[in-house]
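Tertiary structure, described
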Amino acid sequence: MRPPDAERQAVAVFAALTDPTRRALLEELARAGPATVTDLARRLPVSRQAIAKHLGQLAEAGLISSGEPTGRRHPYRLEPAAIHTAQVWLARLAHRWDDRLVALERALDATATNQGVPRE
């Protein structure tokens, strides 16, 4: 069975965020706004080639996009939609757990009541 699009997007986001360099690139783009590979290489202790590779992976996950080029400069910017999709997916998952925990609590309350044990 193939996962729904939202789940695939969430998985791509989570996979992209596993790498500390990619997280640092996202933080830098969030802090300073759009930047080119060269700009990011000046700010971070990572080679231009490595940054380009990581930016490609972030773009594949939908976390960033390349803006309008100015000459040979291609600025990258954050794309919040991918993070939002992952957040919504996590919220649905958490909600399912919340429902199950509430059901468990009710079952324990019922069991304790039937056995005459006071619940705190």
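This text goes with the structure placed above it.
Residues numbered from 1 in each chain as written. Predicted model: local features only at pLDDT ≥ 70, side-chain atom pairs only at ≥ 80, totals over all residues. Heavy atoms only, no water.

**Describing the pattern of salt bridges**
Where side chains of opposite charge bring their charged atoms close, a pairing between them can arise. Keep this limit in mind: Salt-bridge detection follows one rule: a side-chain nitrogen of Lys or Arg within 4 Å of a carboxyl oxygen of Asp or Glu. Labels follow the DSSP assignment, with helices taken as runs of H or I lasting at least four residues and strands as runs of E lasting at least two, numbered in each case from the N terminus. Whether a residue is buried, partly exposed or exposed follows from its accessible area with a 1.4 Å probe, protein chains only, as a fraction of its type maximum: under 20%, in between, or over 50%, in that order.
This model, assessed by the stated rule, comprises five salt bridges. Salt-bridge contacts for aspartate 5 lead to arginine 8; the nearest nitrogen and oxygen are separated by 2.0 Å. With aspartate 5 and arginine 8 both in helix α1 (residues 5-16) and three residues apart, this pair spans about one turn of that helix. A relative accessible area of 31% means that arginine 8 is categorised as partly exposed. Within this structure, Glu28, Arg31 and Arg43 form a network of salt bridges that share partners.

**Let's talk about helix α2 (residues 20-32)**
Operational definition: The span one expects for a helix is its residue count, reduced by one, times 1.5 Å. In this context, the arc is that of the directions from the helix axis out to the C-beta atoms. Note on contacts: a residue pair is in contact if any heavy atoms of the two residues lie within 4.5 Å. N or O atoms within 3.5 Å of each other form a polar contact, as long as, within protein, one can give a hydrogen and the other can take it, and as long as residues adjacent in sequence are counted only when both atoms are side-chain atoms.
Look at α2: 18 Å from first C-alpha to last across 13 residues, which is about the 18 Å you get at 1.5 Å a residue. Where α2 is concerned, the buried positions are Arg22, Leu25, Leu26, Glu28 and Leu29. The arc that holds the buried residues of α2, viewed along the axis, is 160 degrees, so those residues lie on one side. Opposite the buried face of α2, by more than 90 degrees, sit the exposed residues Pro20, Glu27, Ala30 and Arg31. Tucked inside the fold, the buried residues of α2 contact α1, α3 (37-43), α4 (48-60), β1 (64-66) and β2 (76-78). Of the residues flanking the start of α2, the one acting as N-cap is aspartate 19, its side-chain oxygen 2.8 Å from the backbone nitrogen of threonine 21. Note on α2: the residue one or two positions beyond its end, glycine 33, has a positive phi of about 85 degrees.

**Section: the nonpolar core**
To keep things clear, this is the line we draw: For the purposes of this section, nonpolar cores are sets of buried Ala, Val, Leu, Ile, Met, Phe, Trp, Tyr and Cys residues that join through side-chain atoms within 4.5 Å.
By size, the foremost hydrophobic cluster in this structure holds 19 residues, and its most contacted members are Leu25, Leu40, Leu55, Leu58, Leu63 and Ile64. Within the residue set of this core, elements represented by two or more residues are α1, α2, α3, α4 and α5 (80-114).

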